[in-house]
Amino acid sequence: MILNKKALFSTVVAGLLGTLQTFAQDVQTGIKDLEAGRYTKAIQTFQSLTGSAPSADNFFYLGMAQLRSGNIDAAKQSFEKGVAADPKNQLNNVGLGAVALAKKDRATAQNLINGALSATKNKNLDILLRAGEVYTMFPESSDAAAAIAALETADKLDKKNTNADIEMALGDAFLAKNDGGAAVSKYENALMINPNSAEANYKIGKVFLRGKNYTEAQKYYEKAIATDPEYAPTYEDLAEAFFGSRAYKSASRNMDLYIQKSQTTDTDKILRSAQFDFLAGDNMRAIQKLDALKGKIDNPVIMRIYGWGYNNMGQYDKAIENLNEFIKRAPEKVIYDDYKNLGRAYGQVGTPEGDSLSIVYLLKAAPEDTTENLYKEVAKKYSDAKRYADAAAMWETALKNDKNPSANDYFQLGFAYYVQASRVGRDSLSAKMDTSVIRQTRQQLYTRADSVFSAVTEKLPEWSPGYYYRATSNYFAYPQAEALANGKAVPYYEKYLEVANAEIAKDPAKKDANKRNVMSAYKFLYAYHANKKDDAKAKEYLAKAQEFDPTDQDIQNILNPPKAAPAAKAPAKPAAPKKPAGRAVKKS
């Protein structure tokens with residue numbers, strides 16, 4: 001058989017070129033996965049490539065993927081293999097410098113990176129670029145100045161200004177210096193070179209995220225997604241932007257998308273996802289994610305989320321157990337939400353001890369909680385426990401910590417003073433007081449209540465209860481005879497009737513709900529005018545009261561006083577008893 005050598009050669013070359021083309025595609029796919037945050041996938045690709053083609057470049061990309069995923073030791077081994085594969089290729093020495101930075105060993109990092117730059121005489125654009133990138137990889141050990149120096153040298157070598165990666169890395173370096181304006185300018189330069197860069201839009205969004213401008217950050221993240229929906233880091237930061245703007249359901253959804261698209265198994269990321277689920281109200285899903293992390297993570301924060309989740313699910317004993325353990329193990333990480341959830345869980349136990357601990361923890365949370373005024377919650381607990389003096393004091397604190405207290409807030413404060421006043425001298429838990437002290441204390445508390453109720457009527461001038469409680473505060477502040485004489489309650493009873501009757505005219509169904517208070521007002525005004533000998537006014541209010549409730553017994557008794565019972569006749573004297581008639585007895 002005669003072989004056609006030319007045809008054979010052509011076949012071999014074609015096969016070789018096909019293999020090289022496939023190999024190049026694999027490298028580009030791996031790099032793209034690395035840049036898009038799909039570290040697990042990138043690691044798999046470069047592990048395969050280093051097995052079939054153990055080049056220095058492949059080991060470098062494998063090490064970077066491992067380093068980005070948090071596996072520092074595996075990255076170090078890959079970089080060392082890369083150095084061994086080609087000692088003259090300085091990429092892996094830069095990689096070893098990155099490992100040192102990950103370990104916060106800046107001195108070793110500088111020696112390795114400077115050595116790589118010197119070996120290439122600061123003329124290798126790729127080495128300069130990678131040096132600049134690794135100097136800003138780890139915030140706690142970053143060296144922005146060294147990064148900028150290396151990158152500006154690289155930028156000079158890019159004479160046609162076609163390398164968007166240099167501009168991107170310069171943006172990172174300026175951001176590490178907290179110079180957000182300069183960072184955005186560099187990212188915008190990268191967009192001019194490559195308008196389809198999802199990474200550039202993502203990084204501009206990151207600048208706004210750091211500045212807590214969540215709305216603007218979200219705009220750029222949406223642009224990044226529109227450019228490349230598979231660029232995973234965008235979803236993580238978009239989740240954080242939604243978290244910052246309290247859009248918790250959107251935060252939860254985007255964090256799930258990040259995990260899905262990055263294929264990450266990072267337990268901290270999954271833990272963060274569980275936190276967002278909890279905040280979004282999906283407590284069961286959060287618990288399921290935490291259960292999946294058991295045995296894989298030694299982070300006390302997991303107990304915090306268990307505690308919050310169980311509290312929301314009504315499993316208060318488990319909530320208390322987990323939150324107490326979290327506070328014990330990580331006191332430096334405790335935030336007001338931990339105390340708030342623990343306080344609320346204790347409040348559901350239904351024991352005096354639980355109620356007491358509920359107040360303790362809610363008061364620990366209250367000074368730092370800017371989302372809820374927890375002093376109001378504590379004040380209500382004091383009222384429920386009939387501790388009205390404590391309730392009034394807590395409502396005072398609540399109003400001081402509220403920029404715009406509501407009418408209901410003022411009403412609750414006034415009502416606490418009102419009930420406290422009514423109990424003076426009658427509360428078995430209070431020290432005994434003499435009559436004069438009781439009278440004076442009552443008057444002070446009712447006067448304070450009236451002052452607070454005045455704020456209610458200012459805020460809600462068409463709401464009748466505010467006027468009613470002003471009236472009764474002024475009535476009960478004095479002994480009955482004095483209250484009828486001084487008439488301080490009169491204008492408030494009159495205003496109450498005006499507003500209450502207007503309410504009833506608009507909605508007749510309110511008549512029954514207001515009946516007791518309306519009749520009390522009419523009776524007081526009748527008594528006041530009768531006491532003043534103003535018979536015409538007295539009769540006017542009596543007639544109005546009768547019209548409002550013809551069946552009221554007090555009004556009927558005034559209009560138709562019962563007739564005096566006739567004097568009882570003295571009982572007749574009993575008749576003297578007669579001698580019984582005897583029969584004659586015949587004498588013998």
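Residues numbered from 1 in each chain as written. Predicted model: local features only at pLDDT ≥ 70, side-chain atom pairs only at ≥ 80, totals over all residues. Heavy atoms only, no water.

Enquirer: Where do I start with the packing of helix α25 (residues 464–476) against helix α27 (residues 490–506) in this structure?
Expert: When two helices pack together, their arrangement is given by the angle between their axes and by how far apart the axes lie. The geometry of α25 relative to α27 is characterised by a closest axis approach of 8 Å and an angle of 155° between their N-to-C directions. Judged by the inter-axis angle, α25 sits roughly antiparallel to α27. Crossing of α25 over α27 shows left-handed handedness. In contact with Ser-464, Tyr-467, Tyr-468, Arg-470, Ala-471, Thr-472, Asn-474 and Tyr-475 of α25, α27 contributes Tyr-492, Tyr-493, Lys-495, Tyr-496, Val-499, Ala-500 and Glu-503. Taken together, the residues of the contact of α25 with α27 break down into nine nonpolar, three polar and three charged. (Axes fitted to C-alpha atoms, helices over the stretch in contact; angles between N-to-C directions. Helix = DSSP H or I, 4+ residues; strand = E, 2+ residues; numbered from the N terminus. Parallel < 35°, antiparallel > 145°, perpendicular 65-115°, else oblique. Left-handed = near helix turned anticlockwise from the far one by under 90°. Contact = heavy atoms within 4.5 Å. Nonpolar A, V, L, I, M, F, W, Y, C, P; charged D, E, K, R; others polar.)

Enquirer: Could you clarify how one ought to interpret helix α4 (residues 72–85) in this entry?
Expert: Every α-helical turn comprises 3.6 residues, leaving residues that sit three or four positions apart pointing alike. The first and last C-alpha atoms of α4 sit 20 Å apart over 14 residues, in line with the 20 Å expected at 1.5 Å per residue. Within α4, burial applies to Ala-74, Ala-75, Ser-78, Phe-79 and Gly-82. Considered in projection along α4, the buried side chains sweep an arc of 135° and stay on one side of the axis. Facing away from the buried side of α4 by more than 90 degrees, the exposed set consists of Asp-73 and Ala-84. Close packing links the buried residues of α4 with α3 (56–68) and α5 (91–102). (Expected span 1.5 Å × (residues − 1). Buried < 20%, exposed > 50% of the residue type's maximum accessible area, 1.4 Å probe, protein only. Arc of directions from axis to C-beta.)

Enquirer: Looking at this structure, how should I read the layout of surface pockets?
Expert: Where empty space is left can be seen by rolling a probe of water-molecule size over the atoms. Roughly 530 Å³ of volume is contained in the second largest pocket. Lining of the second largest pocket is provided by 21 residues; of these, Tyr-248, Phe-278, Leu-279, Trp-308 and Asp-337 occupy positions nearest its centre. Put simply, the parts of the chain that give the lining of the second largest pocket at least two residues each are α13 (233–244), α15 (267–279), α17 (301–312) and α19 (336–347). For the lining of the second largest pocket, the element with the highest residue contribution is α19, accounting for five residues. (1 Å grid on protein atoms, 1.4 Å probe; cavity = no way out; pocket = protein on both sides within 12 Å on 5 of 7 lines; lining within 4 Å. Points joined across faces, edges and corners; volume = space filled by probe spheres on them.)

Enquirer: What am I meant to see in the packing of aromatic side chains here?
Expert: Think of a pair of aromatic rings as described by two things: how far the centres are apart, and how the planes are tilted against each other in angle. In the structure shown here, the tally under the stated rule is 32 aromatic pairs. Ring geometry for Phe-208 against Tyr-220: centres 5.7 Å apart, planes inclined by 10°, an arrangement best described as stacked. Highlighted residues: Phe-208 in helix α11 (residues 198–210) and Tyr-220 in helix α12 (residues 214–227), separated in sequence by twelve residues. You can call Phe-208 partly exposed: its relative accessible area is 24%. Owing to a relative accessible area of 15%, Tyr-220 belongs among the buried residues under this scheme. Centre to centre, the rings of Tyr-522 and Tyr-541 are 6.4 Å apart; their planes meet at 45°, and the pair counts as tilted. On the criterion of sequence distance, the pair formed by Tyr-522 in helix α28 (residues 510–531) and Tyr-541 in helix α29 (residues 535–548) is long-range, its members being 19 residues apart. Taken individually, Tyr-522 and Tyr-541 each receive the classification buried, so the pair is uniform in this respect. The ring centre of Tyr-220 lies 4.6 Å from the NZ or CZ of Lys-223, which sits over that ring. The ring of Tyr-467 has Lys-495 sitting right over it, with the charged end atom 5.9 Å from the ring centre. (Phe/Tyr/Trp six-rings, centres within 6.5 Å; stacked < 30°, edge-to-face > 60°. Lys NZ or Arg CZ within 6 Å of the ring centre and 35° of its normal.)

Enquirer: Help me out: how do you make sense of the packing of helix α22 (residues 388–400) against helix α23 (residues 407–423) in this one?
Expert: Between α22 and α23, the shortest axis-to-axis distance is 8 Å and the interhelical angle comes to 155°. Relative to α23, the element α22 is oriented roughly antiparallel. Judged by the sense of rotation from one axis to the other, the crossing of α22 with α23 is left-handed. When α22 is examined against α23, the residues Tyr-388, Ala-389, Ala-391, Ala-392, Trp-395, Glu-396 and Leu-399 are found in contact with a partner set consisting of Asp-409, Tyr-410, Gln-412, Leu-413, Ala-416, Tyr-417, Val-419, Gln-420 and Arg-423.

By themselves, these figures tell us nothing about what the structure is for.
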